[in-house]
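The lines below spell out each chain.
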Amino acid sequence: MTALLKAELSRLAYLLAAFAVIGWFANSTVSFLFVALAVYLGLHLRNLHKLHHWLKSNPQDYPPELTGVWEDIAQNIYRLQKKEKEAQLNLMGIIQRARESVSALDEAIVLVDGYGNLEWWNSAAERLLGFKDGTDHGKAITNLIRDPAFIRFFEKGTAKDALKLPSWIQANHYLQYEITRFGDNDRLLIAYDITRLHQLEQIRKDFVANVSHELRTPLTVLSGYIETFIDNDEFPARINRAFCQMQQQTKRMSNLVNDLLLLSRLESDNIKQEAKPVNMTNLLEQLRQEALAYDPDKQHAIMVHIDSPLQLMGIENDLRSAFSNLITNAIKYTPACGAITIRWSNDEKYAYLSVQDNGIGIEPQHIPRLTERFYRVDAARSTATGGTGLGLAIVKHVLLQHKAILNISSKSNVGSTFTCVFPKSALV
């Protein structure tokens, strides 16, 4: 039993005893005991009324004068309110500092509720996205940014995704959007101004495309003259060997230029081709015949397995380039009399084009970087095979164009498997 309860019971006992004595002298003990209980109850009701009035009118003031247990209750309430107020002030200070920090960012930060309506944004969002303080609060964000690509991204995008779009309020500006979901489908949207990066990337693309075009003409001229000189029997053997080396290097340079031009075309946003059904059986058989003629001295066993009757919706020339690069790589890095298996299959979710070999393989640390331009696992090995270092970069861009991905598994001295994974929506 607590000290407070003991004190209250003692107070009640003293009150009953005092009225009992008075009642005994008045020969009415029971009546006076009832009066004592009524007085005790009245005191409690009076304290309860004061407490209620204080809580209702102004609970921030110091509590009124009360007696007994009510005084302790009021003091506890007052202390709890004081602590809560201090916690609220601390929290508001933290929120204010956080808002000031976020407002100082160059990136647009936008909070969107579970219904897709704007809750809060920083000053950068007003500059980059055109939101207006006081008028756009509570509006649906998709009513303000109406680009279909943004709407799809806003509805289905995840923290791993990013979307690049032209700015809808500033000409010649580009933004990158990222989204994070939390709570009850609430979303945090971040937008970056990537105009400078976009311009630098465009300069790089233009430079590569222009230089590649300019190199094509002199290489054609050189190649023509070299072929003429090689066919001329008047030159001594030493000179002919030099011409043969020049022809090999000219051919290698031409392959590099062709690959650069293909990459430039794949990266270009201005060229859109219509996807059509691709007969995978016919395409893979054609690629097999080309592969057999690519390096007949190695006598590779090249097999094609068609495990799916479905066709692939896509751009056939680009798919041919991608698949051909995978098969050519397998030929280059598989020793003589090795086996290369090309397989087309599908399951309930995806379609797969895989190229498997039992060649020299790739060490694990190199696999994540294989699709980078000019990345070489072994420079000497690449030079020996005559590769340009762009084949897998072309494969990656073709697959991105077709909303597909490239999976690579390999073991050194065991072999490699390159698998193009297509969404089932691309099958017909």
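Located above this text is the structure these notes cover.
Residues numbered from 1 in each chain as written. Predicted model: local features only at pLDDT ≥ 70, side-chain atom pairs only at ≥ 80, totals over all residues. Heavy atoms only, no water.

Q: I would appreciate a short explanation of the overall build of the protein in the present structure.
A: Secondary structure assignment for the protein yields 12 helices and 12 strands. Computed over the C-alpha atoms, the radius of gyration of the protein is 40 Å, more than 25% above the 22 Å expected from 2.2 N^0.38 for a compact globule of 428 residues. With the C-alpha coordinates of the protein rotated into their principal frame, the extents come out at 150 × 50 × 40 Å. A buried classification covers 35% of the 428 residues belonging to the protein. Taking contacts inside the protein between residues at least 6 apart in sequence as the whole, the part at least 24 apart equals 55%. Distance from the positive charge centre (46 side chains) to the negative charge centre (46 side chains) of the protein: 3 Å. (Helix = DSSP H or I, 4+ residues; strand = E, 2+ residues; numbered from the N terminus. Rg over C-alpha atoms; globule rule 2.2 N^0.38 Å. Buried < 20%, exposed > 50% of the residue type's maximum accessible area, 1.4 Å probe, protein only. Contact = heavy atoms within 4.5 Å. Lys, Arg positive; Asp, Glu negative; His and termini not counted. Charge placed at Lys NZ, Arg CZ, Asp CG, Glu CD.)

Q: I'm lost on the nonpolar core in this one. Help?
A: Across soluble globular proteins, you tend to see nonpolar side chains buried next to one another. Core analysis: the biggest nonpolar cluster contains 45 residues, and M280, F323, W344, L353 and F422 have the highest contact counts within it. If you list the elements that add at least two residues to this core, you get α8 (237–267), α9 (280–294), α10 (316–332), β9 (339–346), β10 (350–357), α12 (391–401), β11 (405–411) and β12 (415–423). The leading source of residues in this core is α10, at 7 residues. Not counting the four nearest positions on each side in its chain, L353 is found in contact with M280, L284, F323, I342, R343, W344, F418, T419, C420 and F422. Of all hydrophobic cores here, the second largest spans 23 residues; its members include V110, W121, L144 and F154. (Core = buried A, V, L, I, M, F, W, Y, C linked by side-chain atoms within 4.5 Å.)

Q: Quick question: what am I supposed to make of the packing of aromatic side chains here?
A: Here a ring pair, both rings aromatic, is described through the centre-centre distance and the interplanar angle of the planes. Considering all chains together, one arrives at 8 aromatic pairs under this definition. Judged by centre distance (5.3 Å) and plane angle (70 degrees), the rings of Y62 and Y78 are edge-to-face. Residue Y62 is found in the loop between α2 (29–57) and α3 (69–103), and its partner Y78 is found in helix α3; the two are separated by 16 residues along the sequence. Between the aromatic rings of W121 and F131, the centroid separation amounts to 5.7 Å while the plane-to-plane angle is 65 degrees, which identifies the pairing as edge-to-face. With W121 in strand β2 (residues 118–121) and F131 in the loop between α4 (123–129) and α5 (141–144), this residue pair connects regions lying 10 residues apart in the sequence. (Phe/Tyr/Trp six-rings, centres within 6.5 Å; stacked < 30°, edge-to-face > 60°.)

Q: So what exactly am I meant to see when it comes to the sheet that holds β10 here?
A: Within a sheet, each strand pairs with its neighbour through backbone hydrogen bonds, oriented either parallel or antiparallel. The strand order across the open sheet built from 5 strands is β7-β9-β10-β12-β11, with neighbouring strands paired in mixed fashion. Strands at the two margins of the open sheet, each flanked by one partner only, are β7 (301–306) and β11. Across the sheet, the mean angle from the axis of one strand to that of its neighbour is 10 degrees, orientation sign disregarded. Looking at chain direction, β9 and β10 are connected through 7 bridges and run antiparallel. If you follow N346 over to β10, its bridge partner there is A351. Packing against the sheet, α9 makes contact with β7, β9 and β10, and its axis sits at approximately 180 degrees to β7. (Pairing = 2+ DSSP bridges. Axes fitted to C-alpha atoms, helices over the stretch in contact; angles between N-to-C directions.)

Q: What's the story with a nonpolar patch on the surface in this structure? I'm lost.
A: Together, F207, V211, L215 and M253 give the surface a local cluster of nonpolar side chains, amounting to about 330 Å² of exposed area. Of the residues forming the nonpolar patch, the biggest block, 3 residues, is contributed by helix α7 (residues 195–230). Along the polypeptide, F207 turns up in helix α7. (Patch = residues over 30% accessible without salt bridge, like charges linked within 9 Å, V, L, I, M, F, W, Y side chains within 5 Å. Areas by Shrake-Rupley, 256 points an atom, 1.4 Å probe, with all protein chains shown as cover. Salt bridge = Lys/Arg side-chain N within 4 Å of Asp/Glu carboxyl O.)

Q: Could you clarify how one ought to interpret the sheet that holds strand β4 (residues 174–182) in this entry?
A: Across the sheet, 5 strands lie side by side as β2-β1-β5-β4-β3; this open sheet has antiparallel pairing. Two strands close off the open sheet at either side, each with one partner strand: β2 and β3 (163–166). Between one strand axis and the next, the sheet turns through 25 degrees on average, direction left out of account. Two strands pair when backbone bridges link them, and strand β1 (residues 108–112) and strand β5 (residues 186–193) are joined in this way by 5 bridges, in the antiparallel orientation. By the bridge assignment for β5, A108 is matched with A191. Contacting β1, β3, β4 and β5, helix α6 (residues 148–156) runs over the sheet at an angle of about 20 degrees to β4.

Q: Any chance you could explain a negative patch on the surface here in plain terms?
A: Residues E227, D231, D233 and E234 make up a contiguous surface patch of negative charge. D233 sits in the exposed class, given a relative accessible area of 72%.

Q: How do you make sense of the pattern of salt bridges when you look at a structure like this?
A: Side chains that differ in sign of charge can pair as their charged atoms come close. This structure, assessed with the given rule, holds 6 salt bridges. One salt bridge connects R288 with E285, and the closest N-O pair in it is separated by 3.5 Å. Of this pair, R288 and E285 both sit in helix α9, 3 residues apart, which is roughly one turn of that helix. In this structure, the salt-bridge partner of R320 is E290, at a minimum N-O distance of 3.4 Å.

Q: Before we go on, may I ask you to explain the pairing of β11 in this structure?
A: A regular strand places its side chains so that they alternate between the two faces of the sheet. Only one face of β11 is buried: it carries L406, I408 and S410, and the other face, with I405, N407, S409 and K411, is open. Strand direction decides the pairing type here: β11 and β12, joined by 7 bridges, are antiparallel. What sits directly across from L406, in β12, is C420. Here β11 folds back onto β12, and the loop between the two strands holds 3 residues, one of which, N413, carries a positive phi near 65 degrees.

Q: I keep staring at α6 and nothing clicks. Help me out?
A: Each α-helix turn comprises 3.6 residues. Residues three or four places apart therefore point the same way. Taken together, the buried positions of α6 are occupied by A149, F150, F153 and F154. What you see down the axis of α6 is that its buried residues fit within an arc of 130 degrees, all on one side. When the buried face of α6 is taken as reference, the exposed residues oriented beyond 90 degrees from it are P148, R152 and K156. In the core, the buried residues of α6 are packed alongside β1, α5, β3, β4 and β5. Residue D147 occupies the N-cap position of α6, its side-chain oxygen lying 2.8 Å from the main-chain nitrogen of A149. (Arc of directions from axis to C-beta. Polar contact = N/O pair within 3.5 Å; in protein donor to acceptor, adjacent residues only side chain to side chain.)

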